[in-house]
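Structural description and commentary
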Protein chains: 4
Amino acid sequence: MIIVMKKDVSQKNLDHVVDIIEKKGLQAHVSKGTEKTIVGVIGDEARLEKEIILGLDFVEKVMPIQKPYKRVGREVHPDNTIVKVKGVEFGGNDIVMIAGPCSCESEEQMFTIATALKKMGVKVFRSSAYKPRTSPYAFQGLGVKGLKIIQKVGRELDLVTETEVMDPRNVEVVAKHVDMLRVGARNTQNFDLLKEVGKVDKPVILKNGVSTTVDEWLFAAEYIMNEGNNNVILCERGIRTFEPLTRNTLNLSVIPLVKSLTHLPVIVDPCHAAGKRGPIPALSKASIAVGADGLMIEVHNDPENALSDQAQQLRIPEFEKLYAELKLVAQAVGRKLV
Amino acid sequence: MIIVMKKDVSQKNLDHVVDIIEKKGLQAHVSKGTEKTIVGVIGDEARLEKEIILGLDFVEKVMPIQKPYKRVGREVHPDNTIVKVKGVEFGGNDIVMIAGPCSCESEEQMFTIATALKKMGVKVFRSSAYKPRTSPYAFQGLGVKGLKIIQKVGRELDLVTETEVMDPRNVEVVAKHVDMLRVGARNTQNFDLLKEVGKVDKPVILKNGVSTTVDEWLFAAEYIMNEGNNNVILCERGIRTFEPLTRNTLNLSVIPLVKSLTHLPVIVDPCHAAGKRGPIPALSKASIAVGADGLMIEVHNDPENALSDQAQQLRIPEFEKLYAELKLVAQAVGRKLV
Amino acid sequence: MIIVMKKDVSQKNLDHVVDIIEKKGLQAHVSKGTEKTIVGVIGDEARLEKEIILGLDFVEKVMPIQKPYKRVGREVHPDNTIVKVKGVEFGGNDIVMIAGPCSCESEEQMFTIATALKKMGVKVFRSSAYKPRTSPYAFQGLGVKGLKIIQKVGRELDLVTETEVMDPRNVEVVAKHVDMLRVGARNTQNFDLLKEVGKVDKPVILKNGVSTTVDEWLFAAEYIMNEGNNNVILCERGIRTFEPLTRNTLNLSVIPLVKSLTHLPVIVDPCHAAGKRGPIPALSKASIAVGADGLMIEVHNDPENALSDQAQQLRIPEFEKLYAELKLVAQAVGRKLV
Amino acid sequence: MIIVMKKDVSQKNLDHVVDIIEKKGLQAHVSKGTEKTIVGVIGDEARLEKEIILGLDFVEKVMPIQKPYKRVGREVHPDNTIVKVKGVEFGGNDIVMIAGPCSCESEEQMFTIATALKKMGVKVFRSSAYKPRTSPYAFQGLGVKGLKIIQKVGRELDLVTETEVMDPRNVEVVAKHVDMLRVGARNTQNFDLLKEVGKVDKPVILKNGVSTTVDEWLFAAEYIMNEGNNNVILCERGIRTFEPLTRNTLNLSVIPLVKSLTHLPVIVDPCHAAGKRGPIPALSKASIAVGADGLMIEVHNDPENALSDQAQQLRIPEFEKLYAELKLVAQAVGRKLV
């Protein structure tokens, strides 16, 4: 940590800062430059909260040097983490396709879609039984009834299943029925939920919030890992920008950045950012080209009559065509889409 | 709802749209202009989800006409809602000062601060027992022990108390100990939490998320009201922008906008956006001038040694000076600061 | 244009709106719904400025239906525009590589880089003689001396040349020396400059501003085309978001959106958004996969000693490796990188 | 400047950094911590461009310590600058009201408005003869004819006049006809224009761009001052955020921040951010309360028939009422509105 003092700081105030630092078991190194006096902090800066120093009236700014997280960073864990679930590997050379409807609506709908995807070779099946909806009047999901359908589909068709969990009270029941848990964009900083999914022994797909910074997103993963669950997969799903013509801006440029900072796998959900079917193929190709370890794509047998996300779920034949095209892009960057 | 069709839409597709609309019990009004064909939907558009129409390939755009919320809007409830709690009124001519430390740290700290504030005339006392922290390694609050201290302070000094609730599992215990509940910026769209605080008969202070739109914020209030709790107070706490020199941008211009859309009281928390003590006086004055119905300000007897928000809590004498200055601004706009 | 009136609008005010519309030679269509009264405007809505209606106190909102630009839109010109310059085609099946140093620094530097690029097959050579710099104390470019070097390189090595123009007073001299003009991100809405480059008969590469909306960007192209120059190539160069860890966010998801709205070619500059060498290869691959018609990449023989953009210019061997990899991605999406 | 090296940096690379620093005439101070090696740069860091160091592959990050501007900063000029023009003072205890129509439309319109404002006591009269318009088909201003009207109004009514200049070629003619020049939001980083207005001996009102950072805005002022013109007045006019319900977000929280960094006067234009008449009174009051040194407000005798900004120009009686209310707010914060 580097502390820049305001111009003409007194010796007494300088001593005060040094004192705070040393009481935390750290060393202070004072350096008086031509224009500014700065204090360098030597040791584990996690022991000293930035705000303590920033609150001093004679301090101009405080600049952390060390990465604040311990478990998610490449510094402590340089090699990629491979998250394995029933033979599928996230974070290795394979790029994993996750596909399925937005919502679990009925057993018939689920089996129709899952059977078609299974036939194409898709290994991981998505669908939601709990739905975070902006409006309280929108469809809120089938709940436990939906979880049972998801479990049945997974067992009968031998598919890896995943679903969203929103409420800490539901983590246990969700984990009993599916293979992977998903934390959505509105819950990236729902810390009580993160702690609960951290206690479960199933992989967690953690989406970014629409305006979480990369550091906040990584800290959310740290919350999960801090409880003992190391199988976290990050999922970019778009950010909020000033552009009115799209729902969100899919942040593809965050992928190389995040992969340089963390050893965790990073996948992309192009559908929620797009909000419409049209751009999904182009965004999916770009996700693979930019280095994502997987894709999550919404597919429905009858999107016009779906109970949610009607505009952004691909029809089954549209998905089949895209899946084939994506395999070529994966090859072109030396990877394999499964 | 106005539906704009893509150029050269076929009659068959146009009929399909009309059919969807009529099946929802609504009327469709087709209008062929010189360049575009548009379809107007007549009736309660809440019955027809925008995405259903947007998902049709021959539709260019869909523009809602009606406000999507029912309970928070001025259209159904033109007069200001006054939220009353133990003789304090939010939303009337009074501007209510809420002050107190960031965190409840100890009985001694709490009584020291509360006694000083009480003496100045402050009626509502803030403090947190549960803390949402970006890092899992930061102070997480005293929990139930803190709630008991808050309750004791409130009773002994006859102050209205409020505190944050983050986890739906804690709503009941929090509501037992304090007079008002607070939902923080990271939980604005934690829908399960909103539903729980909606079932309680205590007022709820609902902050905006750092990037929630006004519609999303109002919908969050709608979630609470939809469960039967009409005593919602909105609290602006800053938004995320591109500027690196401040933590957040306090969005004072949202106050007249929100007050034009909703009958609920709207207050301002200038501290979390500022992140530093310096700008808080100016931002507080502006909050009153722009039309806020209250202020929430962090005050601490010893901020340098506080366990959180060390840089942004005013010292007691600083607050006392500001409180006096703010009364003058309130007078200048024809209101009274209590 | 759809005009939504405030609740309980009087007949007199409704008549006033109709009167305004009809005086502009347009037709008004009044529709009284269950909750709102709306007025539809039939005819060319470009005749009626949105603000005129929005300024009326009894109007709630105004929603345009027609696209406001005339020349850039696909509606009037459905097929792709191919911009041709000395045998190179932008906007067709080819993806065009534009490469070269940030700044034109000296004849030697320019020939070293250009010769290496020419040998690899690059056809379009970039470099700047006028530099927009945030600080007045940074290197401002060689000016006319630089233009002469660019011209010499282009002639001797038979390369298409392009360079930035910032000042309307320099458009003529720039156009005399190079094959293509470039308008940078800070000048996207420098309307006097746009008008000048619109009078020239050389293609113009028009970057988005870091926070221009898509409509503003397309209108900037419309300014150029309105003066008679139809050879406009749009270039995405990153947008400003809330993330502090990257300079800008390369907005790859804007490419399919923009290509759906306009017939003009769209290319990507991944370097200025990245601000660092590291992510440029991944972003370049993604640019091709997402559908860009070209790339602009900064390449330098000695970036450590360059006079600008030292951190984001690729070294010559780095570029050579990337160029080969990009050709594979282009093939995978059925196109050819030249 | 503090340079943080990547983990396990070699001695050779460390020496290379030190060498670069020393060749610039600066001193390097290497400090090996428990986790990171950092290099402190001692001396005037303006001599060393951040990008040169950031471009080195073994460098993790570069953190400037000194403020990069020389003339605009409070560090070199701690006292407020007072900009004086014909007896009006910006930056002292007075808060200066600038009012007038968006566009100069005709002699009659201008005299009608100016006469009314003069009578109320307004001293500075605004209006535009050159209009930056998103669309090339919108009213572009009266040009020189407008300048002559502005000059006539100023002379006959003894008002200080100001107007926008957009094109470096027009700076001379504008400066001949008016008392103060205005640089608008789209030209904040039009460096050639800034240099031209820097050569003139009339005060310049410099608006922020809708997404310029504070540092970029201050650097724009530095460009002007670097040419010799020290009479720069900063004007906040709103920033671009994610909120679709307002045109821009008036950034009132930037005022205390900017005033802490620079000695220049800072005023607020609430009209362009609002885009509508409704919120202008509240925003104006807040501007004064937050510490602005002046206000710029659009006033028109017949806004419905204005040629631009029809929705956001106050009617004359509306302005008169507001002007009186604002004087009370100014008093409440110990200042005087003129």
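Computed from a prediction, not measured in an experiment: that's the story for all the values here.

Taken together, the contacts link 47 residues of chain A with 48 residues of chain B. Between chain A and chain B, a total of about 4300 Å² is buried, with carbon and sulfur atoms accounting for 49% of that surface. Run the count over chain A and chain B and you get 10 salt bridges. At the boundary of chain A with chain B, the tally comes to 29 residue pairs in polar contact (both at pLDDT 80 or more). Elements represented by at least two residues in the side of chain A that touches chain B include exactly α2 (50-54), α6 (191-197) and α7 (214-226) of chain A. Among the elements that take part in the side of chain A that touches chain B, α7(A) stands out by supplying five residues, more than any other.

With that out of the way, let us pick up the relation of the copies chain A and chain B. Of the transformation superimposing chain A on chain B, the axial component is 0.0 Å and the angular component is 180°, with the fit at an RMSD of 0.0 Å. Each copy turns onto its partner about a two-fold axis. Residues of chain A ranked by C-alpha distance from the rotation axis are headed by Ser211(A), positioned 3.1 Å from it. The overlap is high: 100% of the interface residues of chain A also sit at the interface in chain B, so the same surface is used on both sides.

Our focus in this paragraph is the pairing of strand β12 (residues 232-236) of chain C. Residues and elements named next belong to chain C. In terms of burial, β12 is a largely internal element, five of the five residues being buried. Side chains Val232, Leu234 and Glu236 of β12 all project onto a buried face; the interleaved residues Ile233 and Cys235 project onto the opposite face, where all are buried too. As judged from the four bridges shared by strand β11 (residues 204-207) and β12, these two strands associate in the parallel manner. Paired with Ile205 across the two strands is Ile233, which belongs to β12. The parallel pair β11 and β12, bridged by helix α7 (residues 214-226), forms a crossover whose chirality is right-handed.

Grouped together as the largest cluster of nonpolar side chains are 332 residues, with contacts concentrated most on Phe319(A), Phe319(B), Phe319(C) and Phe319(D). Those residues in contact with Phe319(B), other than ones at most four positions away along the chain, are Met97(B), Ala99(B), Leu117(B), Met120(B), Val122(B), Ile297(B), Val299(B) and Leu314(B).

Attention now goes to the interface of chain C and chain D. Often the size quoted for an interface is simply the accessible area lost on bringing the parts together. Contacts between the two partners involve 48 residues from chain C and, on the opposite side, 47 residues from chain D. Both sides together, the interface formed by chain C and chain D hides about 4300 Å², and carbon and sulfur atoms give 49% of it. Taken together, the connections running from chain C to chain D amount to 10 salt bridges. Here Asp57(C) makes a salt bridge to Arg315(D), at a shortest N to O gap of 3.3 Å. At the junction of chain C with chain D, the criterion picks out 29 residue pairs in polar contact (both at pLDDT 80 or more). Elements that contribute at least two residues to the side of chain C that touches chain D include exactly α2 (50-54), α6 (191-197) and α7 of chain C. Examining the composition of the side of chain C that touches chain D, we find that five residues originate from one element, α7(C), more than from any other. Partitioning the side of chain C that touches chain D into residue classes produces 15 nonpolar, 13 polar and 20 charged.

For the rest of this paragraph, the subject is the sheet that holds strand β1 (residues 2-5) of chain D. Adjacent strands of a sheet pair through backbone hydrogen bonds, lying either parallel or antiparallel. Residues and elements named next belong to chain D. Strand order across the open sheet formed by four strands is β2-β3-β1-β4, with antiparallel pairing between neighbours. Here the strands that pair on one side only, and so sit at the sheet edges, are β2 (27-32) and β4 (59-63). Each strand axis lies, on average, 20° off the axis of its neighbour in the sheet, ignoring direction. Here three bridges tie β1 to strand β3 (residues 37-42), and the two strands are oriented antiparallel to one another. If you follow Ile2 over to β3, its bridge partner there is Gly40.

Thresholds, definitions, all that
Note that residues are indexed from 1 along each chain, following the sequence as it is written. To label them, take the chains in the order written and letter them from A, then take the ligands in the order written and number them from 1. For this predicted model, a pLDDT threshold of at least 70 governs which residues receive local features, and a threshold of 80 or more governs which side-chain atom pairs are given and counted, while totals over whole chains, interfaces and linings are taken from all residues. Processing note: side-chain calculations cover all non-hydrogen atoms of the structure and skip hydrogens and water entirely. Working rule for contacts: check all heavy atoms of both residues, and any pair within 4.5 Å makes them a contact. What counts as buried area is the accessible surface, traced by a 1.4 Å probe, that two parts surrender upon association, with contributions from both included. When a carboxyl oxygen of Asp or Glu lies within 4 Å of a side-chain nitrogen of Lys or Arg, that pair is called a salt bridge. For the purposes of these results, a polar contact is taken to be a pair of N or O atoms within 3.5 Å, where, inside protein, one atom must be able to donate a hydrogen and its partner to accept one; residues adjacent in sequence count only when each atom of the pair is a side-chain atom. Runs of H or I in DSSP of at least four residues are treated as helices and runs of E of at least two as strands, each being numbered from the N terminus. C-alpha atoms of residues with pLDDT of at least 70 in both copies form the basis for the least-squares superposition of the copies. Residue exposure (1.4 Å probe, protein chains only): buried if accessible area is under 20% of the type maximum, exposed if over 50%, otherwise partly exposed. Should DSSP find at least two bridges between two strands, the strands are taken to pair. When the strands point away from the viewer and the connection leading from the first strand across the helix to the second strand turns clockwise, the crossover is called right-handed. We call a set of buried Ala, Val, Leu, Ile, Met, Phe, Trp, Tyr and Cys residues a nonpolar core when their side-chain atoms join them within 4.5 Å. Asp, Glu, Lys and Arg are counted as charged, while Ala, Val, Leu, Ile, Met, Phe, Trp, Tyr, Cys and Pro are counted as nonpolar; the rest, among them Gly, fall into the polar class. Angles run from 0 to 180 degrees between N-to-C directions of axes, and those axes are lines fitted to C-alpha atoms, restricted for helices to the stretch in contact.

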